[in-house]
Amino acid sequence: MTTIPLADLKAQYASIKDEVNSAIQSVIDETAFVKGRFVKAFEESFAEKNGARHCIGVANGTDAIYIALRAFGIGRGDEVITTAFSWISTAETIQQAGATPVFVDIHPDYYTIDPSKIEEKITERTKAIIPVHLYGQPADMKPIVAVARAHGLKIIEDSAQAHFAEYNGQKVGTFGDAATFSFYPGKNLGAYGDGGAVITDDDGLAETIRRIANHGALGKHDHEIGGVNSRLDGIQAAVLSVKLQYIDEWNRRRNEIGNRYNDALAGVGDLVTPKIHPAAEHIFHVYTVRTEKRDALKEVLSEEGISTGIHYPVALPFLPPFTDLGYTGEQLPVAFDYQDKILSLPMYPELTSTQIERVTSAIALFYEQE
Ligand SMILES: *Cc1c(COP(=O)(O)O)cnc(C)c1O
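Residues numbered from 1 in each chain as written. Predicted model: local features only at pLDDT ≥ 70, side-chain atom pairs only at ≥ 80, totals over all residues. Heavy atoms only, no water.

## Some details on the domain arrangement of the chain
Once the domains are mapped, the chain shows domain 1 (9-244) and domain 2 (247-368). Domain 1 and domain 2 are separated by 24 Å when their C-alpha centres are compared. The partner domain 2 presents 38 residues to the 45 residues of domain 1 that form the contact. Counting across the domain 1 and domain 2 interface gives 2 salt bridges. Here Lys 275 makes a salt bridge to Asp 109, at a shortest N to O gap of 3.8 Å. Our count for the domain 1 to domain 2 interface comes out at 23 residue pairs in polar contact (both at pLDDT 80 or more). With 5 residues, strand β3 (residues 100-104) is the largest single contributor of residues to the side of domain 1 that touches domain 2. (Domains from an automatic or database assignment. Contact = heavy atoms within 4.5 Å. Salt bridge = Lys/Arg side-chain N within 4 Å of Asp/Glu carboxyl O. Polar contact = N/O pair within 3.5 Å; in protein donor to acceptor, adjacent residues only side chain to side chain. Helix = DSSP H or I, 4+ residues; strand = E, 2+ residues; numbered from the N terminus.)

In C-alpha cells, the structure reads:
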C-alpha cells in the first residue's frame, strides 16, 4: 500500500523538472545569486499577474509582514488587529515590530477573521488590520475594507496561503494597502527554499519597503533608514518564474479537488466540510474538515497510509508568546473550539481520482465502524 502524503512536492517537480533545472542552471551560469535580472523578472511578472503596481521580493513571507508593518511606521505603543487563527507569522511579526497584536475571533463558517467583531476591538492605538486569506479562501474583504476606511486603519493582507485566489472577481492582495506572500515550498506557489514578497500600488510605500528589505538602502551605501537584510534570491526567483506559468492550472485543480471532497464527504458522520464564501474563488491551500472525533479519525487514516495535518493545533492567542496578553477561550469561542476539531486532508494538484477515492472511502468506513 502506497501512502498518500498531505502534499507532494516530488510529483510537482517531476512534471516541470527540465524547465526548473535549466532555470537554476542559468542563474548559476550568470552568478546572479542576489538581486539581478531573475529577481527583477519575477517581481515584474508577479506584480502584473496580481494586478498590482509593485512587487518587492523578500527572504520569506514572515519578513514580508514585518517589513510592511515597519514601512507603515507601526511600532511601540501601536495595536494591530488580526485573526485568532493563522500560522504564527501573522502575529509574531506584530510583536517583532514592537506593536501589540489584538486578536479577533474567526467566522464560524469560513475560518477567516469575523468582520462583525473587528470594530469593538478598535482603540486610539489601533493602526492596522492584518486579515489572513486562510487555507486559500479569501477573507471577507468588503466589510473589512469598510471598517478599516471608517477608522483610518491600514490593511495588510496576509496572502501567504492564497496566491491568486479571488474575491468578487478581484485578486486577493489588491484590496488593502499592501499584501504579503510566502513562497515557502509547500505553499500553492512555492520556491525551492524560502522566499516571500510584498505587493502594493503605492509608489512611496514600495520604495520604503525596498529600502527596509535592503539595509535601509536603495543603492550601495545609501543607508537612509534602519533596515534588515531580507531579499529574494536569484535561484528562488528563477524557479518561481517557471512555476508562475502553471499556477492557474494548479489552483484550478485544487479547487476541483476541494469540491470533489465536499461532495463525497457531505453528510458523512459528524464531518463539517469547508464552506466556500459566495464571493470567493477558493484555491484550497489546505482542505480542512471538522469533527468531534478528530484524533481517532487521524489515527485510523494514518493506519491506512493517509497523511493528515492540523492547521493549527493551538489558536494564536493561546500560544506561549501571546499568553501574556491574557486571552481566554470565552473571548474567542470559535477559534478555541475549532482548534481541537480541525483536520486537514491530502491536498495537492497532482492528487489522482483514485487517491481522492481512497481518502473519502477510508473516512466513510471510519464512521460506519463507529
Ligand atoms: C506560511 C505563512 C506565512 C509565512 O511564510 P514563511 O515564508 O514561511 O515565512 C505567513 N502567514 C501565513 C498565513 C502563512 O501560512
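## What to know about unusual backbone geometry
A negative phi angle is the norm for most residues apart from glycine, just as the trans form is the norm for most peptide bonds. Residue His 311 is joined to Tyr 312 through a cis peptide bond whose omega torsion reads 15°. Mapped onto the secondary structure, Tyr 312 falls in the loop between α9 (294-303) and α10 (333-338). Positive phi, normally seen in glycine, also occurs at Thr 31, with a value near 45°. On the basis of relative accessible area, Thr 31 is assigned to the exposed category, the value being 53%. A positive phi is found at Phe 284, a non-glycine position, where the angle reads about 40°. Structurally, Phe 284 can be placed in the loop between β10 (280-281) and β11 (287-290). (Buried < 20%, exposed > 50% of the residue type's maximum accessible area, 1.4 Å probe, protein only.)

## Quick look at the pairing of strand β8 (residues 178-182)
Counted residue by residue, β8 has 5 buried out of 5 residues, so it is predominantly covered. Burial along β8 is two-sided: Ala 178, Thr 180 and Ser 182 facing one way and Ala 179 and Phe 181 facing the other are all buried. Sheet analysis places strand β5 (residues 154-158) next to β8, joined by 3 bridges and oriented parallel. Among the inter-strand pairings, Ile 156 is bridged to a residue of β8, identified as Ala 178. (Pairing = 2+ DSSP bridges.)

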